[in-house]
Amino acid sequence: MELASAKAVITGGASGLGFATAERIISAGGHVVLLDINDELGEASASKLGERAAYLNTDVANEESVKASIGKANELMGGVTLAVNCAGIATAGRTLGREGPWPSEFFNKVIQVNLVGSYNVTKEAAAFMVNNEPTEDGERGVIISTASIAAFEGQIGQAAYSASKGGVVGMMLPIAREFAQFGIRVNTIAPGVFLTPMVAGMPEEVQESLGRQVPFPPRLGRPEEYADAVEFIYGTTMVNGETIRVDGAIRMQPK
Ligand SMILES: NC(=O)c1ccc[n+]([C@@H]2O[C@H](COP(=O)([O-])OP(=O)(O)OC[C@H]3O[C@@H](n4cnc5c(N)ncnc54)[C@H](O)[C@@H]3O)[C@@H](O)[C@H]2O)c1
C-alpha cells in the first residue's frame, strides 16, 4: 500500500518519531490523526501538518479512550489503514537502588503505557481495518509498533522499559498470525538511539557519547529515518510478523 492513500492513526504523534511519521504521510498525500496526551503540542503539531491532519486527546493506557478516539479518527478520515504506536515513556530506576527496592507502581505505569497501550491501539484499529475494501493482494491494513533495542540489550535501570518493549516484540507474531485472515500486517520497529525530545533532554555529553557508540553511522538516528522504516513496511506487503532494528549496529553495554 502507498502512503499517498494512507489513513493513519499515530499515537505519541505530537512529538518525536510519531510526528516525523505524520510529516512523511502528509507530504506523501495521506491523512493522519495524532493521538496523544499532550494537548498543547498535539494541537500545534496537527495545525503544522495542515488540513489533512487532526489531533485527539487519547491516553493509550485507557481502553475506552483509545476506542473512542479511533472511532472518531475513522469518521474523520473515512477509514483507518495504518496504525503506528509511538506513545511511550522511558521512566528508569534501579530495581534495588540506594533508596531501596523500586516501587512497583512505576514499573506498572511503564507497562501500561508502552505495552498495554500498544495492545489497546492494535486491537481497536484492527476492528475498523477489517471493514476496508481489500487490495488485489487481499490487504486491509498495517499496524506498526515501536519497541526499542532495549527489548534485547536493556541497560541497568531499564528493567521496566525493557520488559515493556520485550512485550511489544513478543506479542507481535501471535497477532500477525491471527490477523493474517483479515489481510492486516503487524510489524515492529526497534529503534536505536534517536534524537527526539526523549533523548534531547539528556545532557549533551551523554548524547555525544551515545552517538559515538554507534558503529555506523556514528551519530544519533534522525526521526526521518524512523519514518523511512514506516514507509518501507507500509509499502512492502511481504514484510509481516517482523521486528526491524534501525540502530546503526549499536549493541548497548550494561551502562
Ligand atoms: N528516541 C529514541 O531514542 C527511542 C529509541 C527507542 C525507542 N523509542 C520509542 O519510540 C517511541 C517514540 O519515542 P520518541 O523518542 O518520539 O519520544 P517523545 O517523548 O518525543 O514522544 C512520545 C510521545 O508519547 C506521548 N505519550 C506519552 N504517554 C502517553 C499516553 N499515555 N497516551 C498517549 N500518548 C502518550 C507523549 O506526550 C509524546 O508526545 C516511544 O515508544 C519510545 O519508547 C525511542
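Throughout what follows, the structure given in this document is the object of discussion. All of these numbers come straight from a predicted model, not from anything done at the bench.

### So, the overall build of the protein chain
Regarding its fold elements, the protein chain presents eight helices and nine strands. Based on the C-alpha atoms only, the size of the protein chain along its principal axes is roughly 55 × 35 × 35 Å. Contacts in the protein chain between residues far apart in sequence, at least 24 positions, make up 69% of those at least 6 positions apart. For the protein chain, the accessible surface area stands at approximately 12,100 Å², while carbon and sulfur atoms represent 53% of it. Charge centroids of the protein chain, computed over 20 positive and 29 negative side chains, lie 5 Å from each other.

### Topic: the site of the ligand
With respect to spatial proximity, 28 residues lie near the ligand, and among them Ser-15, Asp-36, Tyr-161, Phe-194 and Thr-196 are the closest. Leu-17 is positioned with one of its backbone polar atoms (N or O) 2.8 Å from an oxygen atom of the ligand. The separation between an oxygen atom of the ligand and a polar side-chain atom of Asp-36 is 2.5 Å. When residues of the shell around the ligand are traced back to their parent elements, those giving at least two are helix H1 (16-28), helix H5 (159-179) and helix H6 (197-200). Considering each element in turn, the shell around the ligand owes the most residues, three residues, to H6. For the shell around the ligand, the residue count by class is 15 nonpolar, ten polar and three charged.

### Considerations on the pairing of strand E1 (residues 7-11)
Where burial is concerned, most of E1 is hidden: four out of the five residues are buried. The pairing of E1 with strand E2 (residues 31-36) spans five bridges and is classified as parallel. By the bridge assignment for E2, Thr-11 is matched with Leu-35. One crossover worth recording links E1 to the parallel E2 by way of H1, and it is right-handed. Pairing of E1 with strand E4 (residues 82-85) involves four bridges; the strand directions are parallel.

### Topic: the pattern of salt bridges
Enumeration over the complete set of coordinates arrives at nine salt bridges. Across the salt bridge formed by Glu-124 and Lys-123, the nearest N and O atoms sit 2.9 Å from each other. Exposure remark for Glu-124: the relative accessible area of 9% places this residue in the buried category. Among the residues examined, Lys-123 registers a relative accessible area of 24% and is labelled partly exposed. We note a salt bridge from Asp-247 to Arg-245, for which the minimum N-O separation is 2.7 Å. Take Asp-247: its relative accessible area is 12%, and that puts it in the buried class. Residue classification places Arg-245 among the partly exposed positions, given a relative accessible area of 25%. If you follow the salt bridges from partner to partner, you end up with Glu-153, Arg-245, Asp-247 and Arg-251 in one network.

### What to know about the side chain of Thr-11
Note that Thr-11 resides in strand E1. Engagement of the side chain of Thr-11 in a polar contact is seen with the backbone nitrogen of Cys-86, the distance being 2.9 Å. Non-local contacts of Thr-11, meaning those with residues more than four positions away in its chain, are made with Leu-35, Val-60, Val-84, Asn-85, Cys-86, Ala-87 and Val-121.

### Structural notes on the nonpolar core
One finds Val-9, Val-33, Ile-70, Ala-83, Met-129, Ile-143 and Phe-179 to be the most contacted residues of the largest nonpolar core, which totals 31 residues. Among the secondary structure elements, those contributing two or more residues to this core are E2, helix H3 (63-77), helix H4 (104-129), H5 and strand E8 (184-191). Setting aside anything within four residues of it in sequence, one finds Ile-143 in contact with Ala-83, Asn-85, Thr-122, Ala-126, Met-129, Phe-179, Ile-184, Arg-185, Val-186 and Asn-187.

### A word on the environment of Asn-108
With respect to the element layout, Asn-108 can be found in helix H4. A residue is classified by how much of its surface remains accessible, and Asn-108, at 41% relative accessible area, is partly exposed. Note: C-alpha distance between Asn-108 and Ala-28 (80 residues apart in sequence) is 38 Å.

### Some thoughts on H3
Quick reminder: α-helices carry 3.6 residues per turn. Residues three or four places apart thus point the same way. In this model H3 runs 21 Å from its N-terminal to its C-terminal C-alpha over 15 residues, within 8% of the 21 Å that 1.5 Å per residue would give. Looking at H3, one finds that the buried residues are Ser-65, Val-66, Ser-69, Ile-70, Gly-71, Ala-73 and Met-77. Elements that come into contact with the buried residues of H3 comprise E1, E2, strand E3 (53-57) and H4. Looking one or two residues past H3, Gly-78 carries a phi angle of roughly 70°, positive in sign.

Conventions used here
- Residues numbered from 1 in each chain as written.
- Predicted model: local features only at pLDDT ≥ 70, side-chain atom pairs only at ≥ 80, totals over all residues.
- Heavy atoms only, no water.
- Helix = DSSP H or I, 4+ residues; strand = E, 2+ residues; numbered from the N terminus.
- Contact = heavy atoms within 4.5 Å.
- Areas by Shrake-Rupley, 256 points an atom, 1.4 Å probe, with all protein chains shown as cover.
- Lys, Arg positive; Asp, Glu negative; His and termini not counted.
- Charge placed at Lys NZ, Arg CZ, Asp CG, Glu CD.
- Near = heavy atom within 4 Å.
- Polar contact = N/O pair within 3.5 Å; in protein donor to acceptor, adjacent residues only side chain to side chain.
- Nonpolar A, V, L, I, M, F, W, Y, C, P; charged D, E, K, R; others polar.
- Buried < 20%, exposed > 50% of the residue type's maximum accessible area, 1.4 Å probe, protein only.
- Pairing = 2+ DSSP bridges.
- Right-handed = clockwise from strand over helix to strand, strands pointing away.
- Salt bridge = Lys/Arg side-chain N within 4 Å of Asp/Glu carboxyl O.
- Core = buried A, V, L, I, M, F, W, Y, C linked by side-chain atoms within 4.5 Å.
- Expected span 1.5 Å × (residues − 1).

By themselves, these observations are geometric and do not establish any function.
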